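Each chain is listed here by its residues.
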Amino acid sequence: MKATYTLSRPVLPVGTPSKVDLLVTFQAEAPAAAAKRSLNLALVIDRSASMAGVPLKHALQASRQLVERMSPEDWLSIVTYDDGVYSMLAPTRVTDKAAIGRVLSQIRVGGCTNLSGGWLKGVEHVGANKASERVNRVLLLTDGQANAGITDPQTLISTAREKSAAGVMTTTLGFGSNFNEDLLIGMANAGEGHFYYIQTPEDAEGVFGIEMEGLGSIIAQNLEVTLKPAPTVKVASVLNRYRFESRGQEVAVGLGDVSSTEVRQLAAELSVDAGAAAGPVTLATLVYRAQAVVDGAIREISGELPITVNLAAASESAAVSADKNVLAQTNRLRIARVKDQAVELADKGDFTSASQRLRQVIGELSATLDKASYDIAEEVEQLAHYAQRLESKKYDSVIRKELRDQSYQAGTRNRGDLALRGTAGGSADSLEPVSSAGSGVILKCVREGGKLRIHAASEGHDASFNVQFPRSMREEGVTYVVDKLEPSGDGTFYRVVGSIKRLVLPGQERVARPAGAAVAKKSKPTASKVTAGSAADLPTTNSVGSGVIVQCIKEGSKLRARVVSDGYDPELNIRFPRDIREENVLYVVEEIVTTGNGGSYIACGDIHRLVQ
């Protein structure tokens, strides 16, 4: 493993206190630097009612792709959970992939979400074949809130930390908009794994591919770094989201695993009380150690890296340009912190302060960082979009998840395909519709790996280039017309010049609906009434859509209906037609309302039987 470093300012002024950003990179020295570790995985799948239809279908398809990437030397177990926990596949070598595929095909949705029970069973299975030369990890996927078993987030996070200390790591994958991102991010951090936000079911295979690529290329595990600053230097801040501990002036940081396909970076801000003599000086010594498989056995690898800088007169120091790459990386981490701060403020209802924090960062980015960078341009567009949403008080679970995911990925990973992901919130409704492009340039909005991208579709323009475009107007599948495109300073992306309109077919022009225009209110819901004599007589559906899932269970001699969709209390009774109640049947109800005293629910609108 190779360790290198770069400073944001290679020359500091003598006799003047300074701050400098340090960026340390760890990576494989060569593709064959360490032996590939075998995998010991537990796939823990949420089969609660909210996964019904498309989410579970794509989760299972992604799971099949994961199995295809595994080798006969790898171990796999499969656990599903709803109210209960089910070991669908005991720990086994991945020698018969067709048989494992048949196990996945048997998985069907059930009731509530016993996340803790499913996860702990996965930990138990991984623990049965745990070995230091293997990658021992649980992959926990869910789309809902833990509402059965252990539900306290702090207990689950603390337990994840205990299990990782014992050698079993946890990666969490959140589907849709109803899961608890704070819980899943907390478990991933404590469990020394990764967190992924799967905004649409179609993203699942790509995200599973990213995780498997990393797991299959781990060259070192448990990378621990200690920064030992000189007496005149202080570690002011560790900018990443890694676990760290201050030991006097020294700081110990746990960076986790290092793979051959993804560099691992440590960023820190150093406060330097520079001496009076010019010349090179050591700011700190970086000591690192990790475990790697060498010649078939686990070996500890270690090294030291002196961090040096040149001291010079103030005029000479000022004449040396700052390293733009280091600033881009460290400011990306600082922006991640601001996004978390904005979420914290917005959660308290202080949307004004939350928006102001984001607007402040936009100003700083525009003034100090490289405007020729598409990544910076995209960051500015994202921040402006979220600030606008907060200012209009359109703060919802999807916006919150996007902000938290972007902050997490920036703070822990160094992958462009995971940075700034998010596809929700934009709309082209307020744009003027036109049926002809005229002399303008045609643009199209497409989804690429969990992001909405704009590309040119007119001749004479490079369709592979990204287009800097307002995030608030991006809507998948929409075609736009702009007056002109101009290339960026470095010639790698386009900027929009002039007006932006929406291109529609002749005769399909419509009057633009102003952003924020009121939507017609629905009439008061009425209790469901059915003419069907049994559940078998109900119309069927294989998707949930915007509906709510109800399940019938046996309680003593009675059949009780309960709401099992996320956000509802399954313990509350529900007014639900008795003639169609049948044990373990799942129903999709158009709407559920709460009674005036809040003690029960009423099923309203159409009712369908959910088929799988």
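Right, let's walk through the structure included here. Given the structure is predicted, the values throughout are model-derived calculations rather than measurements.

1. Some thoughts on the overall build of the chain
Within the chain, the regular secondary structure consists of eleven helices and 28 strands. Relative to a compact globule of 612 residues, whose C-alpha radius of gyration would be 25 Å, the chain shows 27 Å and is just as compact. A principal-axis box enclosing the C-alpha atoms of the chain has dimensions of 90 × 65 × 50 Å. By the burial criterion, 52% of the 612 residues in the chain qualify as buried. Contacts in the chain between residues at least 24 apart in sequence constitute 72% of all its contacts with a sequence separation of at least 6. With an accessible surface of roughly 26,500 Å², the chain has 48% of that area assigned to carbon and sulfur atoms. If you average the places of the 69 positive and of the 71 negative side-chain charges in the chain, the two averages end up 3 Å apart.

2. What about the sheet that holds strand 8 (residues 169–175)?
Reading across the sheet, the six strands line up as 6-5-4-7-8-9 and stay open at both edges, with mixed pairing between neighbours. Where the open sheet ends on each side, the last strands, each with one partner, are strand 6 (85–93) and strand 9 (195–198). Geometrically, the sheet is characterised by an average inter-axis angle of 15 degrees between neighbouring strands, direction not taken into account. Where strand 8 meets strand 9, four bridges bridge the pair, whose relative direction is parallel.

3. Details of the sheet that holds strand 1 (residues 2–7)
Taken in spatial order, the four strands make up an open sheet running 1-3-14-11, and their pairing is antiparallel. For this open sheet the edge positions go to strand 1 and strand 11 (233–238), each flanked by a neighbour on one side alone. Recorded for the sheet is a direction-independent mean angle of 30 degrees between the axes of neighbouring strands. Sheet topology note: the strand 3 (residues 17–27)/strand 14 (residues 264–273) ladder contains ten bridges and is antiparallel. Bridge pairing links T25 to Q265 in strand 14. Contacts from helix 8 (residues 324–347) reach strand 1, strand 3, strand 11 and strand 14, with the element oriented near 95 degrees to strand 3.

Criteria and thresholds
Residues numbered from 1 in each chain as written. Predicted model: local features only at pLDDT ≥ 70, side-chain atom pairs only at ≥ 80, totals over all residues. Heavy atoms only, no water. Helix = DSSP H or I, 4+ residues; strand = E, 2+ residues; numbered from the N terminus. Rg over C-alpha atoms; globule rule 2.2 N^0.38 Å. Buried < 20%, exposed > 50% of the residue type's maximum accessible area, 1.4 Å probe, protein only. Contact = heavy atoms within 4.5 Å. Areas by Shrake-Rupley, 256 points an atom, 1.4 Å probe, with all protein chains shown as cover. Lys, Arg positive; Asp, Glu negative; His and termini not counted. Charge placed at Lys NZ, Arg CZ, Asp CG, Glu CD. Pairing = 2+ DSSP bridges. Axes fitted to C-alpha atoms, helices over the stretch in contact; angles between N-to-C directions.

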